[in-house]
Amino acid sequence: MTDTDTPSIAKRREAVLVELAQAADPPPQLVAVTKTQPDDAIEAILATGQRIFGENRVQEAEARWAHWRTQYPDLELRLIGPLQTNKAEDAVRLFDVIETLDRPKLVQSLAKAMEKAGRHVPVLIQVNTGEEPQKAGIAPADLQGLLQQAREAGLEVRGLMCIPPVDEPAGPHFALLAKLAKQAGLSVLSMGMSSDYATAARYGSTHVRVGTALFGARS
Ligand SMILES: *Cc1c(COP(=O)(O)O)cnc(C)c1O
């Protein structure tokens, strides 16, 4: 599936929106994940009215979105991939939300970058709900400490984000993230991807991050 013509992307998006609306009221926001997508795919999804986008890499996002930004001032760009401390300044300048705060060192880098840029970017904390050693995200047991550090540094933490293990049912991970957010008094829940966005919606997701179901398989 490498079909990226306009009607097809519009139809896929419509189908995702219908499913989300059936799964939850109000439905979560649809974050279109555009990593690796060519310009014609971006153009096609912008034409549908989609304005919220997720990107994994700072440099790639900058290259892809710089010129669309001037044309669509209402764009919302969300960083959903791991952030290196030396990219914090670029990330703060480009993104409207950073979803992947996951360690104390990054708290300090982001706080400094925001002060320097004079721009406050809300953040989510990424939680490694499956406690997978190779995966980014803070362990659930360490969440409270990181949240406190982030708040003390002046960061505006809005919510939590997770990527469940690929080989497990996602539901229990969504339930855990929702519970952790509730305990911490946080309202934003970024969870659900192409394979499980409807499930995530039923568990209270506020933002689903969907790539493949909108654009087809990434090349
Ligand atoms: C790529 C990516 C997605 C989208 O994945 P699909 O399965 O293509 O919908 C969502 N979240 C993150 C963090 C990603 O890296």
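Residues numbered from 1 in each chain as written. Predicted model: local features only at pLDDT ≥ 70, side-chain atom pairs only at ≥ 80, totals over all residues. Heavy atoms only, no water.

### A word on the packing of aromatic side chains
Next, step 1: By the definition in use, this model includes three aromatic pairs.
Next, step 2: Summarising the aromatic geometry, the rings of tryptophan 68 and tyrosine 72 are spaced 6.1 Å apart at their centres and angled 45 degrees between planes, so their arrangement reads as tilted.
Next, step 3: Judged by its relative accessible area of 5%, tryptophan 68 falls in the buried class. (Phe/Tyr/Trp six-rings, centres within 6.5 Å; stacked < 30°, edge-to-face > 60°. Buried < 20%, exposed > 50% of the residue type's maximum accessible area, 1.4 Å probe, protein only.)

### So, the nonpolar core
Next, step 1: Ranked by size, the top nonpolar core spans 65 residues in total, and within it Ile98, Leu110 and Ile125 carry the most contacts.
Next, step 2: For this core, the element with the most residues is helix H5 (residues 104-117), which contributes six residues.
Next, step 3: Listed in part, the six residues of the second largest apolar core include Val33, Ile80, Met161 and Val188. (Core = buried A, V, L, I, M, F, W, Y, C linked by side-chain atoms within 4.5 Å. Helix = DSSP H or I, 4+ residues; strand = E, 2+ residues; numbered from the N terminus.)

### A word on the site of the ligand
Next, step 1: In the neighbourhood of the ligand, 13 residues make up the surrounding shell, with Lys35, Ser194, Gly211, Thr212 and Arg218 lying closest.
Next, step 2: In the model, an oxygen atom of the ligand is placed 2.8 Å from a nitrogen or oxygen of the glycine 211 main chain.
Next, step 3: Here an oxygen atom of the ligand sits 2.5 Å away from a polar atom, N or O, in the side chain of threonine 212.
Next, step 4: For the ligand, the protein covers 90% of the area, taking 390 Å² as the surface of the free molecule.
Next, step 5: The site holding the ligand turns out to be the largest pocket. (Near = heavy atom within 4 Å. Polar contact = N/O pair within 3.5 Å; in protein donor to acceptor, adjacent residues only side chain to side chain. Areas by Shrake-Rupley, 256 points an atom, 1.4 Å probe, with all protein chains shown as cover. 1 Å grid on protein atoms, 1.4 Å probe; cavity = no way out; pocket = protein on both sides within 12 Å on 5 of 7 lines; lining within 4 Å. Sits in = over half its atoms within 2 Å of the grid points.)

### A few points about the layout of surface pockets
Where empty space is left in the structure can be found by rolling a water-sized probe over the atoms.
Next, step 1: Estimated volume of the largest pocket: approximately 320 Å³.
Next, step 2: If you trace the largest pocket, you find 19 residues lining it, with Lys35, Asn56, Ile80, Ile163 and Met193 closest to the centre.
Next, step 3: Within the lining of the largest pocket, the residues separate by chemical class into nine nonpolar, six polar and four charged. (Points joined across faces, edges and corners; volume = space filled by probe spheres on them. Nonpolar A, V, L, I, M, F, W, Y, C, P; charged D, E, K, R; others polar.)

### Quick look at the environment of glutamate 152
Next, step 1: Counting through the fold element by element, glutamate 152 comes out in helix H6 (residues 143-152).
Next, step 2: Note on glutamate 152: relative accessible area 63%, which makes it exposed.
Next, step 3: Considered as a pair, glutamate 152 and alanine 111 are 41 residues apart in the sequence and their alpha carbons are 10.0 Å apart.

### Some thoughts on helix H3 (residues 58-71)
Next, step 1: Here H3 spans 20 Å end to end across 14 residues, near enough to the 20 Å set by a 1.5 Å rise per residue.
Next, step 2: Approximately 45 degrees is the largest bend angle found in H3, and it occurs at tryptophan 65.
Next, step 3: Among the residues of H3, Val58, Ala61, Arg64, Trp65 and Trp68 are the ones counted as buried.
Next, step 4: Against helix H2 (39-47), strand S2 (52-55), strand S3 (76-79) and helix H4 (88-94) lie the buried residues of H3. (Expected span 1.5 Å × (residues − 1). Bend = angle between axes of the 7 residues up to and from the residue. Contact = heavy atoms within 4.5 Å.)

### Section: the pairing of strand S1 (residues 29-33)
Next, step 1: Counting buried positions over the five residues of S1 gives four, a clear majority of the element.
Next, step 2: Direction of pairing for S1 relative to strand S8 (residues 207-210): parallel, over a ladder of four bridges. Looking at the pairing, glutamine 29 lines up with histidine 207 of S8.
Next, step 3: Traced from S1 through H2 to S2, the parallel crossover comes out right-handed. (Pairing = 2+ DSSP bridges. Right-handed = clockwise from strand over helix to strand, strands pointing away.)

### A few points about unusual backbone geometry
Next, step 1: Here the residue pair aspartate 25 and proline 26 is connected by a cis peptide bond, since its omega of 0 degrees sits within 30 degrees of zero.
Next, step 2: With respect to the helices and strands, the residue proline 26 is situated in the loop between helix H1 (6-23) and S1.
Next, step 3: Even without being a glycine, threonine 36 presents a positive backbone phi close to 65 degrees.
Next, step 4: Tracing the chain through its elements places threonine 36 in the loop between S1 and H2.
Next, step 5: What makes threonine 36 partly exposed here is its relative accessible area of 39%.
Next, step 6: Of note in this structure, glutamate 131 is not a glycine but carries a positive phi near 45 degrees.
Next, step 7: One can find glutamate 131 in the loop between strand S5 (123-126) and H6.
Next, step 8: Since its relative accessible area comes to 56%, glutamate 131 is described here as exposed.

### Remarks on the pairing of S2
Next, step 1: Judged by which residues are buried, S2 turns out to be covered on both faces: Ile52 and Gly54 on one side and Phe53 and Glu55 on the other are all buried.
Next, step 2: Taken together, the two bridges between S1 and S2 define a ladder with parallel strand orientation. Each bridged residue has a counterpart across the sheet, and for alanine 32 the counterpart in S2 is phenylalanine 53.
Next, step 3: Bridge count for S2 against S3 is four bridges, and the pairing is parallel. Residue pairing across strands places phenylalanine 53 opposite leucine 77, the latter belonging to S3.

None of this, on its own, says anything about what the molecule does.
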